[in-house]
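Here are the chains, one letter per residue:
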Amino acid sequence: MTDAIQTTVPSHGLRTPRSQGARHSRRSVSLSGTWRFRLSPTAQGTGPLPGADTAEWDEIEVPGHWVLQGYGDPLYTNTAYPFPIDPPRVPDENPTGDYVRTFVLPHGWRREGATLLFQGADSAARVWLNGTEIGWWTGSRLPAELDVGELLREGENTLAVRVYRFSAGSYLEDQDMWWLPGLFRDVLLLEGRAIDDIHVHADYDHTTGEGILRVDVTGPGGGPLEASIDLPGLGLRELPAAVEHRIADVAPWSAESPTLYDLTVRAAGEEAEQRIGFRTVSITDGVLQVNGTPIRMRGVNRHEQHWERGRSLTYDDMLTDVLMMKRHNLNAVRTAHYPPHPDFLALCDTYGLWVVEEGDIETHGFIYDGWERNPPADEAWTPALIERTARMVERDKNHPSIIIWSLANESEGGVGFDAIEAWVRDRDPSRPIHYERDRTYHNSDFYSVMYPSLQEVAAIGRREEETPEALAENPEGESRRRALPFLLCEFAHAQGNGPGSLADYEEIFASSDRFCGAFVWEWIDHGYRATTEAGETYVRHGGDIDYQPNGQRYCHDGLLFADRTPSPGLAQYAKVNEPVRIVVSGRAVTVTSRYQVRDTASLAYGWVLERDGIEVARGDLDVPVLAPGESAEVPLALPGESGGVGEAWLTVSAAVREDTAWAPAGHVVAWGQGLLDGGAPRHVSPAQAGGVDQRGETVAVGPLVLDARTGAVRALGELPLTDLQLDVWRAPTENDHGQGALNNTAKMWRAVGLDRMLHRVDGLDIDAGSVTVRGRTAPATQPFGLVTAFTWSPVDERSVRLTVDITPDGPWHDTPYGHHRVVLPRLGVRLALPASLESLTWFGLGPGEAYADSREAARVGRWSLPIDSLGVSYPHPQENGNRHRVRWAALAGTGTPGLRVDADGPIDVTVRRCTNHDLDRASKPYEIPRREATYLHLDHALRGLGSSSVGPALPEQYEIPIESTRYAVVLTVTD
Ligand code: GAL
C-alpha cells in the first residue's frame, strides 16, 4: 500500500510551489516523448518499479492518457464517484501505470537546486530517480516539483514514475468530466538557479495613469534575494526589486487592450524574464472594476478537451481555443474546473481574455452521502485543500489575465473553505475570490448561482432576489451578500441544439452593473472520436462505454463540437456579444460601442442594400470613433431605388480595419439590419374561380392533383408531391429532454402520444373556387386533437394556394400528463417530394439554422445550400436545420421540376432526406437513414430551444400557443 492512495495527506517531497515565469527563464530538458510503460490492474502493481527490467515493456507517449492510447477506456461520470464513498480510501481495482525513461544530464549543468517538474499527473504519482524514491503527490491538474540535485548523475539517469488512476485526491476531483489517468502534461528537468521565484505586483492607478510595480524575488530556500529589474519598454533599468515604483505613462492591461511589458530580473549574476501587465482589480459599491472601469465578462466555461488526446492539449489546441474565443466576441474564460495548462494562461495574457481561474477541487459525489464526510467540512482535508490552492496561486500569480480566483466548484461549504480563503487573501490580496456553492457566500466576493431563469436574473439585477435559505436567519450576512456583484458562473447549457434565450439574458445583463459576467456552460463537447466496423466516424459519450455509473450524453454540451467545429450556438453567442450594436432604422444607422476600455478606431463599417436578397448597392460608412458606451447616429445617403418585388433590407456591418493578432482585416465583429420597404407582393393573382376540375378519382385544383376520395395530394404539375399531413412532431432536442424528471417535455410528448399522431380525413368540400380537405389529427388515448382544414385554391396554371386552418379540439389545457401541460413540438404541414431535388434557395433568416429563441445570428437574405448541407449533425440526432422566418423557398434539382413556396407571412422551413421519426429513432448520426425522398416541412411555428437540459423551463413566450391558427402558402411547380 502506498500513502498517495489512502491518506488525506496530499503529498510528500514536493518543493515549495513557484511561478511559471520563474521556471520558464531557466534552462530545462523536456522529458516528454516516448517512455517505457506497464499497466497493472491494481495499485500494488505487478512488481517493484525502481530497477525493473523494462526491456519487455510497451512504449507510451508522454504527455498523454493511457486510456486514450490503447489501455482500457476513459470513464465519464457527472456527479458520481467511480468508487465507493469511503474517504480517503479507494478500492484495489485501481489501474496503475508504471512509466520509465532515461535521460542525460546536459553537460555543464549545475545540479544544486535542479528539479523535476510534472505539469500534470492524473491522479497521483510516485517518483524514483536513479532508484531512490523522491516523493509522491495528488492533485491531477496541478504542478508538482521535486528537488533532485544530489541524485542527478553525470551521463544517464533513470526516472521511474508510478501513476494511480484513483487516489485519495480523487475525492477532491469529482468534476463533471472524463476520468483520464496518466502523465498528461509535460515533464521537465529544470536547472537550479539563484533566482528561485518572482512575484510581480503590477497595479495601475487609473487616476494618475501610473503603474505601481513591486517585484519580490526569492532565492533558494524562499528567502528574499537582492535583485534589480529592467523594464526596457518603459525605459527603466536597474530599479531595485522589493520596493514599490510608481511609473508614469503606463499602458494598462485589459482583455480589450492586453499591453504586456518584458521585465528582466537580475540577481546574483543571473537574469530571469517575465512578461507583466499592469492592472488593478477592485469591487466598488458592488460593481467589479478593472483599472477603475466596470467590466462585464462575456465568457465560457472551458475544460481542457480534445477528441483524441483528452486533457493533453498541444500548444496549437490552446491557441485555437483562444483565437476562436476572440473571433467570436468572447472576452472571458472560467477555467472550469481546475487550473489549465500554464501556456493557456500565457495566451490569455497575450491575446486578451479575462480569466477566472478555478482550483482543482470538486466533491460533488458526496451528495450521495447526504454531504456527510464532505472533505471541505472535515479538517483532516484542510492541508490538502490549502496545498491545491497554493499550487495554483503560486504557479499563476503573475498572469495579468487572471482577475479572479475561484476556490472550487460544487463542494458545499466548510472549514476547509475558510482556510483556503484566508490563505489566498493573505498571499494575494490583489484579486477577488469567487465560490458559488456555499449559499452564505461568506468566502466569496461575488454572489453567484448557476442556470437561473430570466426572471431570477432580472430580480438579481435589481438586487431583489430571494434570500438564500442559508442566510434566512442571518441578516448581517444577507445584507453583505446582497451588496455583492453577481457573477453568473454557469448558464445557457449548450447541450445539443441550443441554447436558447442568449439574447434575452444579454438584455437583462445590460440592465444593471451588478452583472460582472456570465459564462456559458460550456466551451467544447467532451467526446472521443470513434469508428464503427463499417468505417463510420462518430463521437463517443459516457454511455458508449461499458461502464456504470456513467453520465451518458451530458458530456456533449459545448459551443464547439468535439472536433472543434463551431456549433450554431457559438455563432449565436458571438452575435449577442458583438462589441458594437448597430441599429438600422429607415435610412439612419445608430452605432453604440459596447467596448468597456478601448475606442472603436480599429473598426471599419460598410453597408449593403438588397432587394429580395439581391444586392442593389453597397458602400462604406463613416462612423465617428466612439468611446466606450458612446453612440452615434449616422445618416446614410442611399442611391435612388425604384422599388420592386420583395423586401428591401439594409445591412450595416463593422469589421476589423487592419490585421490584428487574433483576426485578419475584414473580420466582421458586428452587424445590424433594417427593413427599408416591404416591396410589391409577389403573388398578385387572386384565387381563380373555375380552376377546380373533378375527373373521376382525382380532382385538379389548377396544377394540383388530389385524390377525390381521400383528399391526398398526388402531384403539382409534373412534380410528384405526396404525404401531405399535419405534423406536430420533432425529434426531441437534448433540451426537450430536460433534466431527469425536471422539464422533461419529451417524456410528456411520448406519454401523451404526440410522436404517434393519428390522422383522419372527414371529407372534401369541393366547389368551383377551391377544395377543402377537412380532418382531425390526434394522439391515441387522448380526448384532445387538432381539427384541420386544408383549403386548396388555384392561382394559375403552375401555382396553387394552400390555406391551413388548425383548430384545437378538446381539453388541451387540462393537464393530461402529471404536472405537465401539453405543449407542441411543432405545428405545420409536412410533405414528401422526389429525392432528385438537390438544393434549397430561400429568402428569410440564414444562412444557418434558427429558432424562435435563437435567431439573432441569422440575417435576412437570399441563401442557397445543397439539401444535404442544411442540417447540423449533432452527436445525438435531434431536431435541427430549421430555417426561420422564411418568406419564400425554392427547391431545385437537375432533370426534375422544382417547387417554389411563397408564404403569406414568415414561416419555418425544414428540408431533409429523412422523417422526424427517423431522426428520433437514431442514437448516432450514422443510424439516420437516407430515404429516397425529400421531406419538406412548412411550419406555422416550432417550439423554441431553451436550455432545459440543465436549466430553467422554456420561457412561455417560446411555446407554441394552442389556439386557432391559419397560415397560407402558394406552391408553384418550376422548371
Ligand atoms: C454544473 C457543473 C458543471 C456541469 C454542468 C452541467 O452544475 O458545475 O460541471 O456539470 O452543471 O453540464
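Residues numbered from 1 in each chain as written. Predicted model: local features only at pLDDT ≥ 70, side-chain atom pairs only at ≥ 80, totals over all residues. Heavy atoms only, no water.

Interaxial distance between helix α8 (residues 502-509) and helix α9 (residues 568-576) falls to 10 Å at its minimum, and their mutual angle equals 25 degrees. The angle between α8 and α9 places the two elements in the roughly parallel class. For the pair α8 and α9, the crossing hand works out as right-handed. Each of L502, A503 and E506 in α8 lies in contact with α9, whose residues at this interface are G569, Q572, Y573 and V576. (Axes fitted to C-alpha atoms, helices over the stretch in contact; angles between N-to-C directions. Helix = DSSP H or I, 4+ residues; strand = E, 2+ residues; numbered from the N terminus. Parallel < 35°, antiparallel > 145°, perpendicular 65-115°, else oblique. Left-handed = near helix turned anticlockwise from the far one by under 90°. Contact = heavy atoms within 4.5 Å.)

Further remarks concern helix α4 (residues 382-396). The first and last C-alpha atoms of α4 sit 21 Å apart over 15 residues, in line with the 21 Å expected at 1.5 Å per residue. Taking burial as the measure, the 15 residues of α4 include 13 buried ones, the bulk of the element. (Expected span 1.5 Å × (residues − 1). Buried < 20%, exposed > 50% of the residue type's maximum accessible area, 1.4 Å probe, protein only.)

This paragraph deals with the site of the ligand. If you check the shell around the ligand, you find N78, D176, H337, N409, E410, M450, Y451, E490, H493, W521, D557 and V950 and nothing else. Interatomic distance of 2.9 Å between a side-chain N/O atom of N409 and an oxygen atom of the ligand. One of the side-chain nitrogen or oxygen atoms of H493 is found 2.6 Å away from an oxygen atom of the ligand. Protein chains bury 93% of the 310 Å² of accessible surface belonging to the ligand in isolation. Its residues assigned to classes, the shell around the ligand comprises 4 nonpolar, 4 polar and 4 charged. (Near = heavy atom within 4 Å. Polar contact = N/O pair within 3.5 Å; in protein donor to acceptor, adjacent residues only side chain to side chain. Areas by Shrake-Rupley, 256 points an atom, 1.4 Å probe, with all protein chains shown as cover. Nonpolar A, V, L, I, M, F, W, Y, C, P; charged D, E, K, R; others polar.)

Below, the discussion takes up helix α2 (residues 315-327). Taking 1.5 Å as the rise per residue, α2 with 13 residues should run 18 Å; its terminal C-alpha atoms sit 18 Å apart, in good agreement. Burial in α2 covers these residues: D317, M318, L319, D321, V322, L323, M324, M325 and K326. Buried residues in α2 make contact with β26 (297-301), β27 (332-334) and α3 (342-351). Of the residues flanking the end of α2, it is N329, one or two places downstream, whose phi is positive at about 65 degrees.

With that settled, the discussion passes to the sheet that holds strand β21 (residues 261-267). Here 4 strands make up an open sheet; going across it, the order is β19-β18-β21-β22 and the pairing antiparallel. The open sheet terminates on both sides in strands that have one partner only, identified here as β19 (236-240) and β22 (270-276). For this sheet the average axis-to-axis angle between neighbouring strands, irrespective of direction, equals 25 degrees. Pairing of strand β18 (residues 228-231) with β21 involves 3 bridges; the strand directions are antiparallel. Counterpart to D230 in the pairing with β21 is T264. (Pairing = 2+ DSSP bridges.)

Looking along a regular strand, one sees side chains alternate from face to face of the sheet. In terms of residue burial, strand β37 (residues 603-611) counts as a mostly covered element, since 8 of its 9 residues are buried. Relative to strand β40 (residues 648-656), β37 runs antiparallel, the two sharing 9 bridges. Paired with L603 across the bridge in β40 is V656. The pairing of β37 with strand β38 (residues 614-621) spans 7 bridges and is antiparallel. Residue R611 lies in a different strand from β38, and its bridge partner there is I614. In this structure, the hairpin formed by β37 and β38 is closed by a connection of 2 residues, where D612 is found at a positive phi of approximately 55 degrees.

Tracing the sequence through the fold places S228 in strand β18. Judged by relative accessible area, which is 15%, S228 ranks as buried. Sequence-wise, S228 and E271 are 43 residues apart; in three dimensions their C-alpha atoms are separated by 9.6 Å. Apart from the residues within four sequence positions on either side, S228 is in contact with E238, L239, P240, A241, T264, V265 and R266.

What follows is about the domain arrangement of the protein chain. Taken domain by domain, the protein chain holds domain 1 (4-190), domain 2 (197-282), domain 3 (292-573), domain 4 (578-677) and domain 5 (699-947 + 964-974). The gap between the C-alpha centroids of domain 1 and domain 5 is 56 Å. (Domains from an automatic or database assignment.)

In this section: unusual backbone geometry. The peptide bond linking G498 to P499 adopts the cis configuration, its omega dihedral lying at -5 degrees. Note on placement: P499 falls in the loop between β31 (486-491) and α8. For the peptide bond that leads from W521 to E522, omega is 5 degrees, which places it in the cis range. Relative to the assigned elements, E522 resides in the loop between β32 (515-520) and β33 (528-531).

In the sheet, strand β50 (residues 785-794) pairs with strand β51 (residues 799-809) via 10 bridges, with the strands oriented antiparallel. Within the sheet, the bridge partner assigned to T788 lies in β51 and is I806. In textbook terms, the turn of a hairpin is the stretch between consecutive antiparallel strands, and for β50 and β51 this stretch comprises 4 residues. Bridge analysis of β51 against strand β58 (residues 965-974) gives 8 bridges, and the strand direction is antiparallel. The residue of β58 that forms the bridge with D805 is R966.

Quick look at the side chain of N291 now. Tracing the backbone through its elements, the reader meets N291 in the loop between β24 (287-290) and β25 (293-294). Judged by relative accessible area, which is 9%, N291 ranks as buried. Within the structure, the side chain of N291 is placed 3.2 Å from the backbone oxygen of W253, a separation counted as a polar contact. The residues contacting N291, other than those within four sequence positions of it, are Y204, H206, P252, W253, F278, R279 and T280.

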